[in-house]
Amino acid sequence: MPENLDEQLTKYLTDMHSIEEQALVQMRAAPGIAGHPALARAFSEHLEETERQEQLVRARLEARGASPSRLKDAVAAATGVPFVLFARSQPDTPGKLTAHAFSYEHLEVGGYELLRRIAERAGDTETAELAARIAGEERAMAGRLAELFGAAAEASLEAVGDDDLAERVVKYLADAHAIEAQAIKLLERGPKIAGDDELARLYAEHLEETREQERAVTKRLEALGASPSRVQDALMRLGALNWGAFFQAQPDTPGKLAAFAFAFEHLEIAGYELLKEVARRAGDTETVELAGRILEQERAAAAKIAGAFDRAADASLEAQGVTA
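Let us look at the structure shown here. (Residues numbered from 1 in each chain as written. Predicted model: local features only at pLDDT ≥ 70, side-chain atom pairs only at ≥ 80, totals over all residues. Heavy atoms only, no water.)

Points about the overall build of the chain
Consideration 1: Along its length, the chain carries 12 helices and 0 strands.
Consideration 2: Its helices and strands taken in sequence order, the chain reads α-α-α-α-α-α-α-α-α-α-α-α from the N to the C terminus.
Consideration 3: Burial status across the chain gives 54% buried among its 324 residues.
Consideration 4: Here the analysis covers contacts within the chain between residues at least 6 apart in sequence; of these, 82% occur between residues at least 24 apart.
Consideration 5: As presented, the chain carries roughly 13900 Å² of accessible surface, and 53% of it is formed by carbon and sulfur atoms. (Helix = DSSP H or I, 4+ residues; strand = E, 2+ residues; numbered from the N terminus. Buried < 20%, exposed > 50% of the residue type's maximum accessible area, 1.4 Å probe, protein only. Contact = heavy atoms within 4.5 Å. Areas by Shrake-Rupley, 256 points an atom, 1.4 Å probe, with all protein chains shown as cover.)

Some words on the packing of aromatic side chains
Consideration 1: Counting across every chain of the model gives 3 aromatic pairs.
Consideration 2: With 6.1 Å between their ring centres and 35 degrees between their planes, Phe260 and Phe264 make a pair best called tilted. With a gap of 4 residues between them, Phe260 and Phe264 both fall in helix α10 (residues 253-282), about one helical turn apart. When sorted by exposure, Phe260 lands in the same class as Phe264, which is buried.
Consideration 3: Taking the centre distance of 5.4 Å and the plane angle of 75 degrees together, the rings of Phe262 and Phe309 count as edge-to-face. Of the two residues, Phe262 sits in helix α10 while Phe309 sits in helix α12 (residues 309-319), which places them 47 residues apart along the sequence. For the pair Phe262 and Phe309, a shared accessibility class is recorded, and that class is buried. (Phe/Tyr/Trp six-rings, centres within 6.5 Å; stacked < 30°, edge-to-face > 60°.)

Here we look at the nonpolar core
Consideration 1: Among the nonpolar cores identified, the biggest contains 47 residues, and Phe43 and Tyr272 are the most heavily contacted of them.
Consideration 2: Broken down by element, this core gets its largest block of residues, 10 residues, from α10.
Consideration 3: For Tyr272, the contacting residues outside a window of four places in its chain are Ala176, Glu180, Val217, Ala291, Ile294, Leu295 and Glu298. (Core = buried A, V, L, I, M, F, W, Y, C linked by side-chain atoms within 4.5 Å.)

Points about helix α7 (residues 165-193)
Consideration 1: Between its terminal C-alpha atoms α7 stretches 42 Å, which fits the 42 Å expected from 29 residues at 1.5 Å a residue.
Consideration 2: Looking at the residues trailing α7, positive phi occurs at Gly195, about 80 degrees. (Expected span 1.5 Å × (residues − 1).)

With respect to the side chain of Thr10
Consideration 1: Mapped onto the elements, Thr10 comes out in helix α1 (residues 5-33).
Consideration 2: Ignoring sequence-local partners within four residues, the contact set of Thr10 consists of Leu61, Arg64 and Ala66.

What to know about the packing of helix α8 (residues 197-223) against α10
Consideration 1: Where α8 contacts α10, the two axes come as close as 14 Å, and the packing angle between them is 20 degrees. Relative to α10, the element α8 is oriented roughly parallel. Taken as a pair, α8 and α10 cross one another with a handedness that is left-handed. Contact with α8, carried on its side by Tyr203, His206, Gln213 and Val217, involves Leu257, Ala258, Ala261, Glu265, Glu268 and Tyr272 of α10 and no other residues of that element.
Consideration 2: Of the residues in the contact of α8 with α10, the class split is 6 nonpolar, 2 polar and 2 charged. (Axes fitted to C-alpha atoms, helices over the stretch in contact; angles between N-to-C directions. Parallel < 35°, antiparallel > 145°, perpendicular 65-115°, else oblique. Left-handed = near helix turned anticlockwise from the far one by under 90°. Nonpolar A, V, L, I, M, F, W, Y, C, P; charged D, E, K, R; others polar.)

Notes on the pattern of salt bridges
Consideration 1: Scanning the entire structure with this criterion turns up 32 salt bridges.
Consideration 2: Taking the shortest distance from any N to any O, the salt bridge between Asp314 and Arg121 comes out at 2.7 Å. One end of the pair, Asp314, is in helix α12; the other, Arg121, is in helix α4 (residues 93-122), and 193 residues separate them in sequence.
Consideration 3: Across the salt bridge formed by Arg220 and Asp284, the nearest N and O atoms sit 3.0 Å from each other. (Salt bridge = Lys/Arg side-chain N within 4 Å of Asp/Glu carboxyl O.)

What follows is the structure, encoded as structure tokens:
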């Protein structure tokens, strides 16, 4: 039987509570591996903010006669651990940590924007106001991280202890190529499961742009006497296939896919910001220009997806047989 709008709203609230539980795992570990005082301070301050957000979402669920999902929260907390282990395992931990945290903040923004829209459709002004307020806090944290990309790049270079900046540029270019390879696989699936014609068009349009970006990064690597990492690219493509299957299995595919695509654009934005910082330090003006050009495209794509959140919310409800 299709759920009603009120039940859907409760479900979205439990989803956001589990996302906050995952964020707490990450924020508790982040200050200790940040590699730079300013980054550590930003993560510590946001930990306190995240704790308050979790309490507010829990309280809102209880006010609606519901409670967090123990299963969702347990899974979310468990999946937060591999993120921490991954960041720790990287030679450039500060950069990887900052990039993924920047992306995660935008995943939360996307989630709360969808929650706000469902709450508005359900006539729950308190939940809508809460979602808007927390989305604003997540944007502010993302803004703080964006201001620290230079510090993250500096700390990453110090962590690897490599004086050959040209070699580090090649490594960051290879990382960017692997992310583009993953983006292509995700976007190839996107139009088929978008649930909305406009969203499908946006994903298809950005797919062509992403293919051009991959070619441009490959060309720059070749100009520097290098090439993409086949292993890294293959692993990222496999991850994209797994994500595609996950989204297709969700009852509210359009909303979850839009929020994730929005976050993924910001993972790319962070990666190119770090590449630009390292290339600038290496005096590689051509790579700086390439990163800047692609950054503009990724920011534009993210803005278009955000502009379609209303359509994603409606498509998610429609996919589940729920009418506003």
